[in-house]
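Secondary and tertiary structure notes
Here is how the chains run, residue by residue.
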Amino acid sequence: MSELLLPPEHRYAKIINEKRNDDGSEYSILNLGPTHPATHGIFQNILLMDGERIVEAEPTIGYIHRAFEKIAENRPFYQITPLTDRMNYCSSPINNMGWWMTVEKLLDIEVPKRAQYLRVIVMELARIADHIICNSILGVDTGAYTGFLYVFQFREKIYEIYEEICGARLTTNMGRIGGFEREWSDEAFRKLDVFLEEFPVAWKEFENLFERNRIFIDRTVNVGPISAESAMAYGFTGPNLRAAGVDYDVRVAQPYSSYEDFEFIVPVGKSGDTYDRFCVRNAEVWESLSIIRQALAKLPEGPYHADVPEYYLPPKEDVYTTMESLIYHFKIVMGEVPIPVAEIYHPVEGGNGELGFYLVTDGSRTPYRLHFRRPCFIYYQAYPEMIKGSLLSDAIVILSSLNVIAGELDA
Amino acid sequence: MSTKTNMVAPPEGVVGEGFFATKLNDVVGLARANSLWPLPFATSCCGIEFMATMASHYDLARFGSERVSFSPRQADMLMVMGTISKKMAPILRQVYEQMSEPRWVIAVGACASSGGVFDTYSVLQGIDKVIPVDVYVPGCPPRPEQIVDGVMRLQELVKTESTRRRNSPEYIELLASYNL
Amino acid sequence: MAIETAIIQEKIEQKFANKVSNFGMQKDVFSFEVTSDSIREVILFLKEEEDTNFHFLTDLCGVHYPDNMIDQQFCVVYHLHNWIENTRIRIKTYLNGAQPEIASISDIFLSSNWMERETYDFYGINFMGHPQLKRILNMDEMVSFPMRKEFPMEDNGRTDKDDRFFGRTANC
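The rules behind each value
Residues numbered from 1 in each chain as written. Chains lettered and ligands numbered in written order. Predicted model: local features only at pLDDT ≥ 70, side-chain atom pairs only at ≥ 80, totals over all residues. Helix = DSSP H or I, 4+ residues; strand = E, 2+ residues; numbered from the N terminus. Buried ≥ 20, exposed ≤ 12 C-beta atoms within 10 Å, placed from the backbone. Pairing = 2+ DSSP bridges. Axes fitted to C-alpha atoms, helices over the stretch in contact; angles between N-to-C directions. Domains from an automatic or database assignment. Contact = placed C-beta atoms within 7 Å. Nonpolar A, V, L, I, M, F, W, Y, C, P; charged D, E, K, R; others polar. Arc of directions from axis to C-beta. Expected span 1.5 Å × (residues − 1).

Let us now look at unusual backbone geometry. Here Glu101(B) and Pro102(B) are connected by a cis peptide whose omega angle stands at -10°. Residue placement: Pro102(B) occurs in the loop between helix H3 (89–98) and strand E5 (104–108). The linkage connecting Cys140(B) with the following residue, Pro141(B), adopts the cis geometry, with an omega of -10°. With respect to the secondary-structure elements, Pro141(B) resides in the loop between strand E6 (135–137) and helix H5 (144–159). Backbone geometry places Asn403(A), a non-glycine residue, at a positive phi of 55°. The residue Asn403(A) is located in the loop between helix H17 (392–402) and helix H18 (406–410) in this model. The phi torsion at Asn86(C) lies on the positive side, around 55°, for a residue other than glycine. Structurally, Asn86(C) is set in the loop between strand E4 (74–82) and strand E5 (87–95). With 14 C-beta atoms counted inside 10 Å, the residue Asn86(C) sits in the partly exposed group.

Laid out in structure tokens, this is it:
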């Protein structure tokens, strides 16, 4: 058991031995260990503390490394979607759709407008779900449990909508190459309408609980600020970057899936502190609701998937009744479809930032190399920098506001 | 509007004027089963379903798990939710060792039960390689109803468990097989 | 409004003539190859030159090509992005298979620190000049580099799964 304790040759032990403060006190080591109630996910930080203030931090990650990139080299394209689900599991439809768009870019498939609009709706729902978790858990970490209970109910409503579309709640495995696996039922649209009526009321209530709350403001303003230059140097993207003042959003810079048809603003903060990150996510939820309403209003008629029988898995009723569908199903599953040799990089705006898929194919049924550009992994590097000099309780709040999802961190 | 709350039934026993005679095992089992404090060892996606289970829609607190304890000494059941990698296994074991008897383990999700989808070099293929497990809840991730079902099955196990089990030779042999 | 790829190519070729090659558009990203000894100069040039201004490192990863010649078995791929002109660029360098090493760019782009550690962890590519090059995602005691093609995906020591049912024995 003792091998899990800090070995004496760790550099923090040396620093403690050498340095003493003026009043004779010395630094101490605190292990914000992998299993901690307030860190959402398992990552470890060894903190060098001067009393209550943090002098230095050393993060260790990899406690949930599941080797996604290795698995992806051995799986055909349809079997990689469940892997992408489990990266940022709070908003899995975004990951799924990003993967399908990468494959469609590889195969030069044009997705019909209706399917693109439906994809936008489901991705924005996922973004709302992700921000619900992040902001309500930030509230819980500052001690306010009520907000979490109020808005988690609406995550259940979003789960019900996902169930109508694809059958699963959390890890959705949604869609096919070229669109969706089935047309959305009337029940899904009805539930979506009910959600669009009830959720804004609850979200307004949630905002009112926190945005002018004296205690919350004291806990979060000027806590963990990061400047725009620093954020760009550390590779920040997504709400964390926008809170620092830079309005880079992949949906605006490189619109995919008809995002250019919708009007939405990109909310931007000023100082990049925790309060700004909280407010940027709140504002993004309102923008997502607006995008969903626009998409529903302008939803065109048409097919829900592209007409590419060579790549689109046919529906099961056709597979069991018509010969052609059976043959295509067999060919797709066995991998007898033509896959070009190419290198693709396709980014989408995930809940945390630019989620990129770098795909290298060599013509066989599985990718040669698939690399996920995971935003959490890249911006978590800045965490030791952000907590230098702050109190321990601020370190917890900063970690919550960064929205680090362990599945995306380690992949 | 009628309020039908299902109270837990008392164990079998002899009722008399001012006394109720029953077996000690039954009473202790009843008390333990209806006040299991979980230690949520949430690592990945199943952890989010656990959060949904603890939230108001599927409320786990009505089964006695009102207070989740993150301190192993104060917890009764260890709910392992999510993938345990080989890097994490020693930590899981240390948490299990720190729990005091009686303790139970629920493996929630396919990854904790058997490694799940991730048949790779870095993932532990099931937590029963390092700690003894009482209830396995399959699913990827299991619905909150399934997690609640797992807790209810554990409650049945706890109700019928003998108070002498933790000192019995079979249990000591079980722990020895895990080098505990 | 994007920078013309011809301008980028001209600027780079002007400065680095024989070190760069193979310019071309791969789907929608302009990419080229650099020899591994001049990667730092090229990336610094692309970042600081005001016409190109690729100030953001999007991604850094490695690829293993065991079937190539020995000098080209590992490839490190850099994706850079210029937000103001909205242009992306991909840079590839090929490394020797027996002793892959390349200069680290962790002082040019702070975000490459962990990305290089991850590439080292997966492929064993030595980034010279990196402040803390040790494993990041796998266990520290691991000796082999798991993303190389010869390393198997499954753990060979697992006892609960029978390889025959997964089609992974010599007969299938």
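Attention now moves to the sheet that holds strand E5 (residues 354–360) of chain A. Residue and element names in this part refer to chain A. With antiparallel pairing, 3 strands are arranged side by side in an open sheet as E4-E5-E6. The sheet terminates laterally at strand E4 (343–349) and strand E6 (369–373), the two strands that pair on one side only. Each adjacent strand pair in this sheet contributes to an overall mean axis angle of 15°, direction not counted. Of the pairings in the sheet, the one linking E4 to E5 comprises 7 bridges and is antiparallel in character. What sits directly across from tyrosine 345, in E5, is tyrosine 358.

All names here are of chain A. Along its sequence, chain A is organised into domain 1 (2–60) and domain 2 (68–410). Contact residues are listed per partner, giving 13 residues for domain 1 and 17 residues for domain 2. Residues belonging to the side of domain 1 that touches domain 2 are distributed by class as follows: 6 nonpolar, 3 polar and 4 charged.

Chain A puts 29 residues into the contact, and the matching count from chain C is 25 residues. The set of elements that each furnish at least two residues to the side of chain A that touches chain C consists of helix H2 (68–72), helix H9 (228–233), E4, E5, E6 and helix H15 (375–379) of chain A. Within the side of chain A that touches chain C, the residues separate by chemical class into 15 nonpolar, 7 polar and 7 charged.

A regular strand carries its side chains on alternate faces of the sheet. Residue and element names in this part refer to chain C. Taking burial as the measure, the 7 residues of strand E1 (residues 20–26) include 0 buried ones, a minor fraction of the element. Both E1 and strand E2 (residues 29–34) contribute to a ladder of 5 bridges, which runs antiparallel. What sits directly across from glycine 24, in E2, is serine 31. Counting the residues in the hairpin turn of E1 and E2 gives 2 residues, including lysine 27, whose phi is positive at 60°.

All names here are of chain B. All buried positions along H3 are accounted for by Leu92, Val95 and Tyr96. Mapping the buried residues of H3 onto a view down its axis gives an arc of 100°, with all of them on the same face. On its buried face, H3 sits against strand E3 (38–42) and strand E4 (77–81).

This part takes up helix H6 (residues 146–166) of chain A. Between its terminal C-alpha atoms H6(A) stretches 31 Å, which fits the 30 Å expected from 21 residues at 1.5 Å a residue. Buried-residue contacts for H6(A) involve helix H5 (113–141) and helix H7 (186–210) of chain A.

What follows covers the environment of Tyr345(A). Relative to the helices and strands, Tyr345(A) resides in strand E4. Classification of Tyr345(A) as buried rests on a count of 24 C-beta atoms within 10 Å. In this structure the C-alpha to C-alpha distance between Tyr345(A) and Tyr358(A), which are 13 residues apart in sequence, comes to 4.4 Å. In this view, Tyr345(A) contacts Gly356(A), Tyr358(A), Val29(C), His79(C) and Arg90(C); residues no more than four positions away in its chain are not counted.

Quick look at the sheet that holds E5(B) now. All names here are of chain B. Strand order in the open sheet formed by 4 strands is E3-E4-E5-E6, with parallel pairing between adjacent strands. Of all the strands in the sheet, the pair left with one neighbour each is E3 and E6. The mean inter-strand angle of the sheet, taken between neighbouring strand axes irrespective of direction, is 15°.

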